[in-house]
Amino acid sequence: MPESTQSQLFDEKDNIAYQVRIEAFEGPLALLLHLIKKNEVDIYNIPMAAISRQYLDYLDVMQELNLDVAGEFLVMASTLIQIKSQMLLPQITDPALDDDRIEDPRAELVRRLLDYERYRDASILLAARDVLERDVFARNFVSAEFDAFPAEETLPEIEIFELVDAFRRILAKAPRESFHEVGSENISIADRISDILEFLQGKEAVEFEELFAGSNTREYIVASLLAVLELCRLRMIRILQFETYGRILVKNAVIQSADTVME
Amino acid sequence: MNAAAIKKIVESILFVVDTPLSLDRICTILEEFGRDDIRMAIDAITNDCNCQERGIELVQVAGGYQFRSRPEFADYIRRLKKAKPARFTPSALETLAIIAYRQPLTRAEIEYLRGVDSGGILKSLLDKKLIRIIGKKDIPGKPLIYGTTREFMETFNLKDLASLPTLREIEELAESDSDDEQAPLPLLEAE
């Protein structure tokens with residue numbers, strides 16, 4: 001039975017290995033495609049149990065961070081579980097139809113995945129074209145988009161998932177909660193925001209990890225991350241990374257613009 | 001007037017204008033010359049740029065002709081510009097690709113294909129004038145339908161929508177490097 005042989009691909013060792021990385025997924029379909037490719041399973045015969053489990057493990061991490069994106073990911077999770085349970089039920093043929101070919105419960109999902117993959121590939125081709133104002137230039141072409149961006153150095157900004165990845169590394173260093181501890185220190189995000197701003201004061205840039213050095217309780221770390229994200233949203237800091245999986249730097253955006261004015 | 005003179009006139013117009021100029025438009029401007037002569041002039045200019053090792057080329061884009069710098073000199077030209085080169089997020093590109101191939105379509109159709117809420121991205125693409133609202137679909141709720149713009153073709157160096165790679169080409173490409181989804185895409189040199 002293909003389901004059982006494919007399931008052997010997903011033993012505990014593999015689970016530990018894949019937990020190391022969280023990549024940038026644009027949505028549940030991108031995540032599912034990634035899991036299918038990574039496990040080298042046939043897209044037309046997806047091992048639902050194993051893929052659903054890995055999918056839900058990713059969601060756990062995302063939920064721990066309280067990311068908004070989890071909404072659509074949850075809808076897909078319930079779809080996966082529905083398909084999985086449908087496949088466990090005996091298939092009832094409708095005698096009225098006199099047709100014992102029943103559509104695989106996975107069929108619609110497979111269609112969506114293939115469609116999605118095709119458009120994602122198309123988008124990669126689009127980006128590979130000679131883009132105006134990036135690869136080729138014409139006389140005096142100023143589109144609205146380029147007006148909006150002020151001149152800046154060209155450090156690439158990083159994706160949220162790389163931040164998640166860094167956060168996981170920090171969390172992994174934190175000790176497991178101890179059970180005898182009673183009561184909790186209340187660390188507010190507001191406090192962490194002002195702490196971080198103070199910490200960044202007068203510094204060119206600090207490493208992402210440094211912002212979590214104050215304590216290693218989960219509460220502190222989570223509050224710190226939320227503070228970083230909030231500051232980023234308010235455009236008070238900027239988060240940069242020079243290379244994939246490289247160091248993540250946090251810069252004080254406010255100070256930087258003040259400097260520019262003084263120059 | 002001889003062909004060489006017409007060529008110089010057409011070239012001067014194409015040099016000055018800051019948007020792609022269609023053949024029709026050039027013919028309206030140069031009403032005293034024949035359409036065939038103008039077409040030949042354009043071909044001659046295109047050929048000159050390609051043969052004489054020039055830094056610019058005459059490209060067909062968004063239904064017209066425009067002088068553009070050659071892609072290999074992008075690094076040098078960027079020194080002139082204050083702005084960062086255009087950067088599109090994968091989400092924005094995905095949404096653009098779906099609209100480009102499936103237009104006209106509604107937000108709900110885009111979101112079904114992508115599996116995620118796309119309201120924010122649609123708004124930003126509208127702001128950048130890469131897509132536009134074409135009208136309303138005649139179904140309950142009368143949802144808005146979206147399509148790409150001339151700016152989209154200008155930005156992505158497309159002669160017209162038909163010159164997008166076909167979905168079959170994309171599938172073939174996907175099959176050839178399906179083992180490595182990160183592989184760089186060898187395309188678009190073929191033109």
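Everything numeric in this text was worked out from a predicted model, so none of it was measured.

Draft legend 1. Spotlight on the overall build of chain B. When its secondary structure is counted, chain B shows nine helices and five strands. When the helices and strands of chain B are read in sequence order from the N terminus, they spell out α-α-α-β-β-α-α-β-α-α-β-β-α-α. When each of the 191 residues of chain B is scored for burial, the buried share is 27%. Put simply, 49% of the contacts in chain B that link residues at least 6 apart link residues at least 24 apart.

Draft legend 2. Highlighting the overall build of chain A. From N to C terminus, chain A includes eleven helices and three strands. Reading the helices (α) and strands (β) of chain A from amino to carboxyl end gives α-α-α-α-α-α-α-α-α-β-α-β-β-α. The buried share of chain A, reckoned over its 263 residues, is 25%. Of the contacts made within chain A by residues no fewer than 6 positions apart, 66% connect residues no fewer than 24 positions apart.

Draft legend 3. Broad picture of the sheet that holds strand E1 (residues 206–207) of chain A. The strand order E1-E3-E2 (chain A) describes an open sheet built from three strands, whose pairing is antiparallel. Single-partner strands in this sheet number two, and they are E1 and strand E2 (237–241) of chain A.

Draft legend 4. Local environment of unusual backbone geometry. The amide bond that connects Gln103(B) to the next residue, Pro104(B), takes the cis arrangement and shows omega of -5°. Mapping Pro104(B) onto the fold places it in the loop between helix H5 (90–102) and strand E3 (105–106). Even without being glycine, Arg235(A) reaches a positive phi, approximately 60°. Mapping Arg235(A) onto the fold places it in the loop between helix H10 (218–233) and E2. The class of Arg235(A) is exposed, set by 10 C-beta atoms lying within 10 Å. Within the chain, Ala62(B) stands out as a residue other than glycine whose phi angle is a positive 50°. By the element assignment, Ala62(B) lies in the loop between strand E1 (56–61) and strand E2 (64–69).

Draft legend 5. A look at the nonpolar core. Grouped together as the largest cluster of nonpolar side chains are 56 residues, with contacts concentrated most on Leu96(B) and Ala97(B). Counting residues per element, this core draws most heavily on H5(B), which supplies eight residues. When residues no more than four places from it in sequence are discounted, the contact partners of Ala97(B) are Tyr119(A), Ala122(A), Ser123(A) and Leu126(A).

Draft legend 6. Region of the structure containing the packing of H5(B) against helix H7 (residues 119–127) of chain B. Residue and element names in this part refer to chain B. Their axes nearest at 10 Å, the elements H5 and H7 cross at an angle of 80°. Between H5 and H7, the angle falls in the class roughly perpendicular. Contacts between H5 and H7 involve Ser-91, Ala-92, Thr-95 and Leu-96 from the first element and Ile-121, Leu-122, Ser-124 and Leu-125 from the second. Here the residues of the contact of H5 with H7 are counted per class, giving five nonpolar, three polar and no charged.

Draft legend 7. Quick look at the packing of helix H1 (residues 3–16) of chain B against helix H3 (residues 35–51) of chain B. Residues and elements named next belong to chain B. One can describe the packing of H1 onto H3 by two numbers: an axis separation of 9 Å at closest approach and a directional angle of 75°. Classed by the angle they form, the pair H1 and H3 counts as roughly perpendicular. Two secondary-structure elements touch here, H1 through Ala-3, Ile-6, Lys-7, Val-10 and Glu-11 and H3 through Asp-37, Ile-38, Met-40, Ala-41, Ile-42, Ala-44 and Ile-45. For the contact of H1 with H3, the residue count by class is nine nonpolar, no polar and three charged.

Draft legend 8. Molecular detail of the confidence of the model for chain A. Residues and elements named next belong to chain A. Looking at chain A, the pLDDT average stands at 75 and 68% of residues meet or exceed 70. By mean pLDDT, helix H7 (residues 144–148) is the weakest element of chain A at 43, and helix H6 (residues 107–128) is the strongest at 92. Segment residues 1–8 is flagged for pLDDT under 50; beyond a separation of four residues in sequence, or across chains, it makes eight contacts in the model. Across residues 143–154 the pLDDT falls below 50, and counting only partners more than four positions away or on other chains, this stretch makes 19 contacts in the model.

Draft legend 9. Spotlight on the sheet that holds strand E4 (residues 131–136) of chain B. Residues and elements named next belong to chain B. As summarised here, the arrangement of the three strands in space is E3-E5-E4, forming an open sheet in which the pairing is antiparallel. The sheet terminates laterally at E3 and E4, the two strands that pair on one side only. For E3 and strand E5 (residues 144–148), the ladder comprises two bridges, and the chain directions are antiparallel. Paired with Leu-105 across the bridge in E5 is Tyr-146.

Draft legend 10. A look at helix H3 (residues 28–38) of chain A. Here H3(A) has its buried residues at Pro28(A), Leu29(A), Ala30(A), Leu31(A), Leu32(A) and Leu35(A). Within two residues after H3(A), Glu40(A) carries a phi angle of roughly 50°, on the positive side.

Draft legend 11. Fine view of the environment of Asn186(A). By the secondary structure assignment, Asn186(A) is in the loop between helix H8 (160–173) and helix H9 (189–200). The sequence separation of Asn186(A) and Glu219(A) amounts to 33 residues, and the corresponding C-alpha distance is 8.1 Å.

How each quantity is defined
Sequence order as written defines residue numbering, which begins from 1 separately in each chain. Throughout, the order in which chains and ligands are written sets their labels, letters from A for the former and numbers from 1 for the latter. The predicted origin of the model limits local features to residues at a pLDDT of at least 70 and limits the giving and counting of side-chain atom pairs to 80 or more, whereas totals for whole chains, interfaces and linings rest on all residues. Strands are runs of DSSP state E lasting at least two residues, helices are runs of H or I lasting at least four, and both sets are numbered from the N terminus onward. For the exposure call, what matters is how many other C-beta atoms sit within 10 Å of a residue's own: 20 or more marks it buried, 12 or fewer exposed, and in between partly exposed, using C-beta atoms placed from the backbone. Contact criterion: two residues are in contact if their C-beta atoms, reconstructed from the backbone, are within 7 Å. We treat two strands as partners when DSSP finds at least two bridges between them. For our purposes the nonpolar core covers buried Ala, Val, Leu, Ile, Met, Phe, Trp, Tyr and Cys residues that link as a set through C-beta atoms within 7 Å. To get an axis, a line is fitted to the C-alpha atoms, and for a helix only the part in contact is used. The angle between two axes follows their N-to-C directions and goes from 0 to 180 degrees. Any angle from 65 to 115 degrees is called roughly perpendicular, while one under 35 is roughly parallel, one over 145 is roughly antiparallel, and all others are oblique. For this scheme, ten residues count as nonpolar: Ala, Val, Leu, Ile, Met, Phe, Trp, Tyr, Cys and Pro. Four count as charged, namely Asp, Glu, Lys and Arg, and the remainder, Gly too, count as polar. The predictor reports its confidence for every residue as pLDDT, a score running from 0 up to 100.

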